[in-house]
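One letter stands for each residue in the lines below.
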Amino acid sequence: MTWNPTVPGGAATPRPRVAYAYASGVATLTIDRAEKSNALDEAFFRELNALVSRIHGDDTVRCVVVTGTGRAFSAGADVAELDGLAGHAAYEFAATGQFVFDQLENLPKPVI
């Protein structure tokens, strides 16, 4: 995959898509796009990747909880962002999501 989620790019995010909190060894990642049913877009993947990298290197984090705001945990991919993507661009979007979720899955800490 050619996309590197750690490289800044694209439009500025008006506010974080993923909120981070830490208490007593537990890192909580909260998807915060309730107005879009927590739909996942490229900005979300960049933020999540950065947080997962941070957590991976933080020995004080013993467990990770992933949650969402509003009524839905997540509606899945943001179809508004997918609209108009074709061929390789659509593949890159899907591969990016898979890459980031693989990083989360492979954390050496329990993820709930």
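Keep in mind that what you see is a predicted model, and the values were worked out from it rather than measured.

Novice: Please clarify how the confidence of the model for the protein should be interpreted in this entry.
Specialist: Across the protein, the average pLDDT comes to 88, with 88% of residues at or above 70. Mean pLDDT in the protein bottoms out at helix H2 (residues 79–82), which sits at 86, and peaks at strand E2 (residues 26–31), which reaches 98.

Novice: Whenever I open this one, the pattern of salt bridges confuses me. Can you help?
Specialist: If the charged atoms of two oppositely charged side chains come close together, the side chains can form a pair. The tally for this structure, following the rule as stated, stands at 4 salt bridges. When the shortest N-O distance is used, the salt bridge between Arg33 and Asp41 registers 3.3 Å. Residue classification places Arg33 among the buried residues on the basis of a relative accessible area of 6%. Relative accessible area serves as the criterion here: at 3%, Asp41 is assigned to the buried category. Arg46 is the partner of Glu42 in a salt bridge, and the nearest nitrogen-oxygen pair spans 2.5 Å.

Novice: Explain the pairing of strand E1 (residues 18–23) to me, please; I cannot follow it from the model alone.
Specialist: Each regular strand displays side chains that alternate between the two surfaces of the sheet. Bridge count for E1 against E2 is 6 bridges, and the pairing is antiparallel. Bridge pairing links Ala21 to Thr28 in E2.

Novice: I tried to follow the environment of Ser53 on my own but got confused; where do I start?
Specialist: Considering the arrangement of structural elements, one finds Ser53 in helix H1 (residues 42–56). Sequence spacing of Ser53 and Val100 is 47 residues, and the spatial spacing of their C-alpha atoms is 10.0 Å.

Novice: Can you walk me through the nonpolar core in this structure?
Specialist: Generally speaking, soluble globular proteins have nonpolar side chains that are buried together. Formed by 17 residues in total, the largest nonpolar core has its most connected members in Leu29, Phe44, Phe45, Leu48, Ile55, Val64 and Leu107. Listed by contribution, the elements that provide at least two residues to this core are E2, H1 and helix H3 (87–105). Per-element tally for this core: the top contributor is H1, with 6 residues. Excluding residues that lie within four positions of it along the chain, Leu107 makes contacts with Val52, Ile55, His56 and Val64.

Each value, and the rule that gives it
- Residues numbered from 1 in each chain as written.
- Predicted model: local features only at pLDDT ≥ 70, side-chain atom pairs only at ≥ 80, totals over all residues.
- Heavy atoms only, no water.
- pLDDT = per-residue confidence, 0-100.
- Helix = DSSP H or I, 4+ residues; strand = E, 2+ residues; numbered from the N terminus.
- Salt bridge = Lys/Arg side-chain N within 4 Å of Asp/Glu carboxyl O.
- Buried < 20%, exposed > 50% of the residue type's maximum accessible area, 1.4 Å probe, protein only.
- Pairing = 2+ DSSP bridges.
- Core = buried A, V, L, I, M, F, W, Y, C linked by side-chain atoms within 4.5 Å.
- Contact = heavy atoms within 4.5 Å.

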